[in-house]
Amino acid sequence: MDTIEGELKGLMMASLGGDEGAYRNVLGRLSGYLRGYYKARLAARSAADVEDLVQETLLALHVRRHTYDPDQPFTPWVYAIARYKLIDYLRRTRASVKNVPLDAVQEIAAHDDHVASESTLDLNQLLERLTPKVRDAIRYVKLDGLTVAEAAARGGMSESAVKVNVHRGMKTLSALIARGRRS
Amino acid sequence: MKTDDLVKMLSANVEAVEYREPQRMILISAGLGAVVALSAVILLLGIRMDLSELGPWMFVLVKSVFAGAIIGVSLANLTRVARPGGERRVSIALGLLPFGGALLVATASLAIAPLSDWKAMIIGEYWLLCLVCIPLNAIVPFAAMIWAMRQLAPTNLTLAGAMAGRAAGGISAFAYALHCTDDSFPFIALWYSLTIALCAVLGGVVGRPLLRW
């Protein structure tokens, strides 16, 4: 557990500094842990439902990553988000939340599950619901892998507008997914 | 969508983030709320007229210290509950400390006062104004702090709402102290505490629907 915490925290600190490789690495590892955590608690649901929740959690964690306090350990932060999203999911699917045990924080890294299914989320459909500028910014920077400068040139926006639009767009996507399954 | 594709998308060109952002946002929102609350008291109620004397000054100071303690503790707790899992780091004892202190001073001041003064000391003159104005004037600071909290990630929404309500109540009480002419320790311990607690309860009630993410 301590080594997992140490590794993940190291990767997260680099990610918060803008290290793309470290961030991909830590998110990849967290998706395994989240999948294991949710599968163990949502045994009756389909694998696609579990994957939906894994993805919703990753996106929420991404747009709220500035709430990680480096003075605190990293795994409890992930665990708190995972548990919050689990309870929220159970509430909106009208299941009982009384039975969600308050497990130990270590539970978040108890099962590393790499048997991924496809989620029911359709990224293209979600992107359609963003405003054109925001959608373009996300497409260029997050999907086509252009740098912010290249995206600014292609989209006819300033670099800061690209950054703001990407940031805003990711928040909107996260909210759309959370709200989408609430209604 | 495949989770691996999402991970690739999230990490592509990831921007560095400032992790002191939560404290900053909460402080800025509380500060803006305080400006509005102070302006409302100064413009609508007016500052008390007797500030040329020492006694009234002292009581403005006492009320400000009490409200300031509430604000300080509430903001410290609010910054904690703003982060996932932060509710475990909230100190209830610290939260009750300003109320306990006020109660202690109030009891002492009643103990040395004649029984016939007690009613006037406790009920005061403008308790109703206090009871109405403090929660009303807390609305803008509360909204500002809720806006900040919505950009953050509280995982106990009721507690987060209550902390924001309490901080807003403290800010509003701080502003109301400029107008309030009820100068007695029991009045502060009863009516200020009661209205601030009311703000906390109301904040807790609306916390879940307002702060969900």
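Details of the overall build of chain A
Working step 1: When you go through chain A residue by residue, the secondary structure sums to 8 helices and 0 strands.
Working step 2: When the helices and strands of chain A are placed in sequence order, the string is α-α-α-α-α-α-α-α.
Working step 3: Against the compact-globule benchmark of 16 Å for 183 residues, chain A has a radius of gyration of 17 Å, which places it among compact chains.
Working step 4: Over its C-alpha atoms, taken along the principal directions, chain A stretches across nearly 50 × 40 × 25 Å.
Working step 5: The burial tally for chain A puts 40% of its 183 residues in the buried class.

Re the overall build of chain B
Working step 1: Secondary structure summary: chain B contains 9 helices and 0 strands in total.
Working step 2: Listing each helix as α and each strand as β along chain B from the N terminus yields α-α-α-α-α-α-α-α-α.
Working step 3: By its C-alpha atoms, chain B is 75 × 35 × 25 Å across when sized along the principal axes.
Working step 4: The burial tally for chain B puts 46% of its 213 residues in the buried class.
Working step 5: Expressed as a percentage of contacts within chain B between residues at least 6 apart in sequence, the contacts between residues at least 24 apart total 89%.

A word on the interface of chain B and chain A
Working step 1: Contacts between the two partners involve 28 residues from chain B, matched on the other side by 43 residues from chain A.
Working step 2: Sort the elements by how many residues they give to the side of chain B that touches chain A and helix 1 (residues 3-11) of chain B lands first, with 8 residues.
Working step 3: Along the lines of polarity and charge, the residues of the side of chain B that touches chain A split into 16 nonpolar, 5 polar and 7 charged.

Notes on the nonpolar core
Taken as a class, soluble globular proteins show a tendency for nonpolar side chains to be buried jointly.
Working step 1: Judged by nonpolar contacts, the single largest core of 110 residues is most densely connected at Met145, Ala164, Ala167 and Ile171 of chain B.
Working step 2: Ranked by residues supplied to this core, first place goes to helix 8 (residues 157-176) of chain B with 13 residues.
Working step 3: Two domains each provide a minimum of three residues to this core, namely domain 1 (2-109) and domain 2 (123-180) of chain A.
Working step 4: Once you skip the residues sitting within four places of it in the chain, Ala164 of chain B turns out to touch Leu78, Phe142, Met145, Ile146, Met149 and Gly203 of chain B.

Re the environment of Ala175 of chain A
Working step 1: Mapped onto the fold, Ala175 of chain A is located in helix 8 (residues 159-180).
Working step 2: Note: C-alpha distance between Ala175 of chain A and Leu59 of chain A (116 residues apart in sequence) is 9.3 Å.

Overview of the domain arrangement of chain A
Interface extent is often summarised as the accessible area lost during association of the parts.
Residue and element names in this part refer to chain A.
Working step 1: Entries for chain A in the domain assignment read domain 1 (2-109) and domain 2 (123-180).
Working step 2: Put simply, the middle of domain 1 and the middle of domain 2, counted by C-alpha atoms, are 24 Å apart.
Working step 3: Each partner contributes to the interface: domain 1 provides 5 residues, whereas domain 2 provides 6 residues.
Working step 4: Residues belonging to the side of domain 1 that touches domain 2 are distributed by class as follows: 3 nonpolar, 1 polar and 1 charged.

Comments concerning the confidence of the model for chain B
Low pLDDT marks stretches whose predicted atomic positions should not be read closely.
Working step 1: The share of residues in chain B with pLDDT of 70 or more is 100%, and the mean pLDDT across the chain is 95.
Working step 2: Overall fold confidence (pTM) sits at 0.91, and the ipTM for the predicted complex is 0.90.

Describing the environment of Tyr176 of chain B
Residue and element names in this part refer to chain B.
Working step 1: On the secondary structure map, Tyr176 appears in helix 8.
Working step 2: The spatial distance from the C-alpha of Tyr176 to the C-alpha of Ser64 is 9.3 Å, given a sequence separation of 112 residues.
Working step 3: Apart from the residues within four sequence positions on either side, Tyr176 is in contact with Val41, Cys130, Cys133, Ile134 and Asn137.

Quick look at the environment of Arg41 of chain A
All names here are of chain A.
Working step 1: Tracing the backbone shows Arg41 in helix 2 (residues 20-41).
Working step 2: Judged by the 21 C-beta atoms lying within 10 Å of it, Arg41 falls in the buried class.
Working step 3: Along the backbone, Arg41 and Asp122 are 81 residues apart, and their C-alpha atoms lie at a distance of 24 Å.

Criteria and cut-off values
- Residues numbered from 1 in each chain as written.
- Chains lettered and ligands numbered in written order.
- Predicted model: local features only at pLDDT ≥ 70, side-chain atom pairs only at ≥ 80, totals over all residues.
- Helix = DSSP H or I, 4+ residues; strand = E, 2+ residues; numbered from the N terminus.
- Rg over C-alpha atoms; globule rule 2.2 N^0.38 Å.
- Buried ≥ 20, exposed ≤ 12 C-beta atoms within 10 Å, placed from the backbone.
- Contact = placed C-beta atoms within 7 Å.
- Nonpolar A, V, L, I, M, F, W, Y, C, P; charged D, E, K, R; others polar.
- Core = buried A, V, L, I, M, F, W, Y, C linked by C-beta atoms within 7 Å.
- Domains from an automatic or database assignment.
- pLDDT = per-residue confidence, 0-100.

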